[in-house]
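# Report on the structure
Each chain, letter by letter, is given below.
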Amino acid sequence: MAELILPQQLKSLFQLQFRLLQRAWSQPSALQKWGVVVGLLVTGGLASVLGWVIGSLVVILGLYAREGPFQAQLVGYLFLVLLGLFGLIWLFSPLLFALQNDNLHLDLNKLLIYPLSFQSLYALHTLTGLIEPWSLFFYPLLIGLICGGVLVVGSSALAPLMILALLFGLVHIVWSRLLVNSLNSFLAHRRLRESAMLFLLLGIVVLAFLPALLGQQIENNPDWQSWLKSPAVWAQLTLPLNLLLAFSPPGMASLTLSGVLQGQYSQVYQAEVGLFLWLVLGNYFGKTLLRYMYTASPGLAEQAKTAPRWWTSDPLFFLPYDLALIVKKELRSLSRSVIGKLCFFLTPFLLVILRVFAFGPVAHAIPPTAVFLSAITYIFMTSLFLFCNLFGLDGQGFKLYLYGSLPAARLLLGKQLAMALFCSAEFLLVLYLYLVIFNPLHWETLLFVVLAFATVLVGVLGLGTLISIRFPTPLDLNQTRYRQSATPVLLAFQMLSLLLALPALAQVLAHFGQQPRSLIMAFFLGCVCLSHKLLFQFCTELFQAQKLVILEKITQPAQGQ
Amino acid sequence: MPCYLPCYTRAMFNSDDPTSANAPAIEIQGLCRNFGEFEAVRELTLSVPQGAFFGFLGPNGAGKSTTLKMLTGLLQPDKGQIQILGEDIWQTPAKVKRWIGVVPENMSLFERLTAPEYLEFVAGMYGLDASTARSRSQELLDLMQLSAKSETLLADFSHGMKKKTALAAALIHSPRILFLDEPFEGVDPVSARTLRELLQSLTARNVTVFLTSHILETVEKFCNYLGIIHKGQLLTQGPLQEVLHRINGSMPLGTASLEDAFIRLIGHEREHSDLSWLS
Ligand SMILES: Nc1ncnc2c1ncn2[C@@H]1O[C@H](COP(=O)(O)OP(=O)(O)O)[C@@H](O)[C@H]1O
Ligand SMILES: [Mg+2]
């Protein structure tokens, strides 16, 4: 008796979840709400279309399977591939949302003090998976499956197919929860977790390029079709396919489906029992893991371990002490934030991809200046929010700057230097990679490119500082808050495109004026530096006037009462 | 005394009431907990009688919160037995958790709720019906002087107000034992006085209070039982006067305060420099 959840408790939990959703909904502006509504509608439409497609496929394949044993086997494999793909997406899509929004979810840590059995907590944790957005996407597919089966076989197929849909859905929810939780607890080490996230994102970028790569491979090997048709390839494929069919959840689901379509009910029940076993297994592991996560090693994820120092002397010895402190602090917080890492590695990564896809003569055909100007564009586009959000990462720590006797100019200079170092390091990495994987550079190109980079950097620094001071509300990319209004960033984008036009302008002027382009670029750099100096003074004064506003904006809790 | 007390009866979960009325409220045997290599709590053995106002005292990082988490079912012990009113909390957690009220270290509030909404949620979690929940939460908010803030989200409360809300939530189901982790940290003196009176009147009616603190005055003023923990080890425990007497030994009572006793027990390791640069 004591193990059961009371109706009162269930009601309270339901109310709580409802209130959290309601509060989250009342927070953003009407425009964002419309965005969400349109997004949901589009997703819903897409999911229904997919459901329709699956339903029709079941009908077509079901009819085809009746033509003979070979056709039936082929249809079995096709279902396996289809359901396997579909299951994999279902399983892994929660990983993309690994930054969980704790304002929307029932946090088990907070529920642990109440008289709920662990069984109920686990059930809550799992069943809320049924209403997560990515799960909603798959329901039309399951409905399509059921409808297709019923259309082919008749209403006798309804019961087994509904059981199949239920089991298949639950298996995926249970195992995807288990997957996310085990990743979370294996990756409890913060650095590991962030790096893994980075690799995941990069992996997705690579996946997006995979079809192009395959296409190229196929073009290079014109006889791939005859290779695929050779019987040896098929013989190699059938064994793993049969194993998958017999033991994996999508295999069992496709056995059930083809069993229903062909009226072999013993196969249906066998396969459904198998699916049920997968569910039980997932439940067992999931519960054990959850209990471990929440009661045996709580706070594991919070424990930040410091890395061993691998340098001993101070790398910034040439700077005044206070300036060096600020620069180091800024670089440290940048290197510890996911967004900082992502910004840092994105452009070098894209350069590598460019090299991978531009084979042989094509690679040499791209003029190096174009490569570098695009790299500069990418570097500043990706890190623009960091430039326009200089104080956002400080949070409560910003108070320290105000208590201390640090002059405003020092603080701003330190922050600018840190950003400059960050971007220059990224640019150096790009340069290095270019030299390694593309060609050697002509020194004139190098000079021009470096001057162009410096010009844009100095321009963006002044601009970003001004925006950071005028619009200090931090940009929080952690999904929980949409705080900074987009206006300042849009403004910054426009100014950035003006700055990025300068190198092109230099080229044009050089062409018509018969002057070396680096000379003109150096002239631009001088102008930008001069205006930065003036702007810097203005920023310092503005900062003095605005510093309390900044403090208030960056320390206030998320808006939206 | 606040008028609130008479209506505060132990009405719910009567069927689950602990079997032995004279079992100690909390009985701990050889409790251990490590974090990796680090021993946060070592071989803790402790007994708290029903109706005691127990102060668990120790410097920062001594292992107080770790112990309290193990007592309330939030952190699994590596070794050892915990009996709450004669029941093992790790065997029958759902049952035991009904008898206890907890203010955990981080308070565990749902910050996107208002105080009345939160209290009603907690009441529901303990199985109270809606009307009882509403009236009790109103009373508790009045007592904590938070009724004027009933529209504000907990996220926008000050630290002390959050503490008071968490305390109110721990009281709402009329628990037999209260576990409070640093309950008065950040609470203003007026509220602290009200709370102290409330807690003391509760102990007079056989409710046990287990309170951790690193502040000596709190413990000295509030508690009649005392345990001192340092680096995960229980140094001493027992009724307040007895402990004081034991530590201070021959010193005449009255001249030696708890602070002296505490410093004598713990502070002898001071080996740091005298920070002469702090002009
Ligand atoms: N989840 C954890 N992982 C590792 N160490 C921990 C964890 N929780 C607490 N500790 C360590 O255990 C010791 C005792 O902590 P705690 O019980 O919170 O102290 P306090 O007596 O101040 O409440 C501290 O040194 C703390 O660093
Ligand atoms: Mg503590």
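First things first, this report covers the structure right here in the doc. These numbers come from a predicted model, not from an experiment.

### Topic: the overall build of chain A
Tallying secondary structure elements over chain A gives 23 helices and zero strands in all. Taking the contacts inside chain A whose residues are at least 6 apart along the sequence as the reference set, 82% of them involve residues at least 24 apart. Total accessible area computed for chain A in this model is approximately 29,600 Å², and 73% of it derives from carbon and sulfur atoms.

### Describing the overall build of chain B
Helix and strand counts for chain B come out as nine helices and ten strands. Per-residue burial over chain B gives 56% buried out of 279 residues. For chain B, contacts bridging at least 24 residues in sequence account for 68% of all contacts bridging at least 6. Entry remark: accessible area of chain B is about 11,900 Å², with carbon and sulfur atoms responsible for 51%.

### Overview of the sheet that holds strand E4 (residues 79-84) of chain B
Residue and element names in this part refer to chain B. Here four strands make up an open sheet; going across it, the order is E2-E1-E4-E5 and the pairing antiparallel. The sheet is open, and its two borders are formed by strand E2 (38-48) and strand E5 (87-88), each paired with just one other strand. This element, helix H1 (residues 64-71), spans strand E1 (26-35), E2 and E4 of the sheet and lies at about 120 degrees to E1.

### Description of the state of the cysteines
Residues and elements named next belong to chain A. Scanning all chains against the criterion turns up zero disulfides over all chains. Its sulfur unpaired, Cys-529 is 9.3 Å from the next cysteine sulfur, which belongs to Cys-527. On the accessibility criterion, Cys-529 (35% relative accessible area) is partly exposed.

### Some thoughts on the pairing of strand E10 (residues 233-239) of chain B
Residues and elements named next belong to chain B. Pairing analysis gives six bridges linking strand E9 (residues 225-230) to E10, with the strands arranged antiparallel. For Ile-228, the partnering residue across the bridge sits in E10 and is Thr-236. Connecting E9 to the next strand, E10, in antiparallel fashion are two residues, including Lys-231 with a positive phi near 50 degrees.

### Thoughts on the site of ligand 1
Residues and elements named next belong to chain B. With respect to spatial proximity, 14 residues lie near ligand 1, and among them Gly-61, Gly-63, Lys-64, Ser-65 and Thr-66 are the closest. Surface burial for ligand 1 is 73%, taken as the share of its 560 Å² of free accessible area covered by protein chains. Elements supplying a minimum of two residues to the shell around ligand 1: E2 and H1. At three residues, H1 tops the list of elements feeding residues into the shell around ligand 1.

### Observations concerning the environment of Leu158(A)
All names here are of chain A. Within the element layout of this structure, Leu-158 appears in helix H8 (residues 158-186). A relative accessible area of 36% places Leu-158 in the partly exposed class. Along the chain, Leu-158 and Ile-146 lie twelve residues apart, while their C-alpha atoms are 6.9 Å from each other. Non-local contacts of Leu-158, meaning those with residues more than four positions away in its chain, are made with Ile-146 and Val-150.

### Description of the nonpolar core
The nonpolar side chains of a soluble globular protein tend to be buried with one another. With 141 residues, the main nonpolar core has Leu111(A), Ile26(B), Ile84(B), Tyr118(B), Phe121(B), Phe179(B) and Phe210(B) as its most contacted residues. For this core, the element with the most residues is H8(A), which contributes nine residues. Excluding anything up to four places from it in sequence, Ile84(B) contacts Ala25(B), Ile26(B), Leu71(B), Ile89(B), Val96(B), Trp99(B), Ile100(B), Ile177(B) and Phe179(B). Counting 65 residues, the second largest nonpolar core, distinct from the first, contains Leu351(A), Leu386(A), Tyr434(A) and Phe524(A).

### Section: a negative patch on the surface
All names here are of chain B. On the surface, a cluster of negative charge is contributed by Glu-217, Glu-220, Glu-259 and Asp-260. Structurally, Glu-217 can be placed in helix H7 (residues 216-222). Overall, the relative accessible area of 43% leaves Glu-217 in the partly exposed class.

### Things to note about the interface of chain A and chain B
The extent of an interface is frequently quoted as the accessible surface area lost upon association of the parts. Taken residue by residue, the interface counts 32 residues in chain A and 33 residues in chain B. Both faces considered, chain A and chain B share a buried interface measuring about 3,100 Å² in area, 60% of it formed by carbon and sulfur atoms. When the buried area of chain A at its contact with chain B is split by residue, Ile113(A), Tyr114(A) and Pro115(A) rank highest and sum to 23% of it. Between chain A and chain B we count two salt bridges in total. Between Glu117(B) and Arg23(A) there is a salt bridge; the shortest N-O distance is 3.0 Å. If you list the elements that add at least two residues to the side of chain A that touches chain B, you get helix H1 (7-26), helix H4 (108-111) and helix H13 (265-296) of chain A. It is H1(A) that provides the largest number of residues to the side of chain A that touches chain B, a total of nine residues.

### With respect to the sheet that holds strand E6 (residues 100-103) of chain B
Residue and element names in this part refer to chain B. Spatial ordering of the open sheet is given by E6-E7-E8-E3-E9-E10, a layout of six strands whose pairing is mixed. At either margin of the open sheet sits one strand with a lone partner, and together these are E6 and E10. Strand-to-strand, the axes of this sheet are offset by a mean angle of 10 degrees, without reference to chain direction. Where helix H5 (residues 159-171) meets the sheet, its contacts fall on E6 and strand E7 (177-181), and the angle it forms with E6 comes to roughly 170 degrees.

### Observations regarding the environment of Ser518(A)
Residue and element names in this part refer to chain A. Looking at where Ser-518 falls in the secondary structure, it is placed in helix H23 (residues 517-555). Remark: the alpha-carbon pair of Ser-518 and Leu-446, spanning 72 residues in sequence, is separated by 9.6 Å. Every residue in contact with Ser-518, bar those within four places of it in the chain, is listed here: Glu-444, Leu-447, Phe-448 and Leu-451.

### Remarks on the side chain of Thr114(B)
Along the chain, the position of Thr114(B) falls in the loop between E6 and helix H3 (115-125). Thr114(B) gets classed as buried once you look at its relative accessible area, which sits at 8%. Look past the residues within four positions of Thr114(B) in its chain and what remains in contact with it is Arg23(A), Ser150(B), Glu151(B), Thr152(B), Leu153(B) and Leu154(B).

So, how was this worked out
Every chain is numbered independently, its residues counted from 1 as its sequence is written. Here chains are named by letter from A upward and ligands by number from 1 upward, in the order in which they appear as written. Restriction of local features to residues with pLDDT of at least 70 applies here, the model being predicted, together with a cutoff of 80 or more for giving and counting side-chain atom pairs; totals for whole chains, interfaces and linings are based on all residues. As a rule here, side-chain values come from all non-hydrogen atoms in the structure, and water together with hydrogens is ignored. Every helix listed is a DSSP run of H or I at least four residues long, and every strand listed is a run of E at least two residues long, numbered separately from the N terminus. Any two residues whose heavy atoms approach within 4.5 Å are treated as being in contact. Residue burial considers only the protein chains on display, and all accessible areas are found by Shrake-Rupley using a 1.4 Å probe. Relative accessibility decides the category of a residue: with a 1.4 Å probe and only protein chains considered, values under 20% of the type maximum give buried, values over 50% give exposed, and everything between is partly exposed. The pairing criterion is simple: DSSP has to find at least two bridges between the two strands. As a rule, the C-alpha atoms of each element are fitted with a line to give its axis, helices using only the stretch in contact, and angles between N-to-C directions run from 0 to 180 degrees. Two cysteine sulfurs form what is called a disulfide whenever their separation falls within 2.5 Å. The criterion for a residue being near a molecule or strand is simple. One of its heavy atoms has to lie within 4 Å of it. What we call a nonpolar core is a set of buried Ala, Val, Leu, Ile, Met, Phe, Trp, Tyr and Cys residues that are connected through their side-chain atoms within 4.5 Å. Two joining distances apply to patches: 9 Å for like charges and 5 Å for nonpolar side chains (Val, Leu, Ile, Met, Phe, Trp, Tyr), and every residue must have over 30% relative accessible area and no salt bridge. The working definition used for a salt bridge is a side-chain nitrogen of Lys or Arg within 4 Å of a carboxyl oxygen of Asp or Glu. Residues counted as positive are Lys and Arg, residues counted as negative are Asp and Glu, and His and the chain ends are not counted. Lysine's charge is taken at NZ, arginine's at CZ, aspartate's at CG and glutamate's at CD. Computed with a 1.4 Å rolling probe, the buried area is the accessible surface lost when two parts are put together, summed over both parts.

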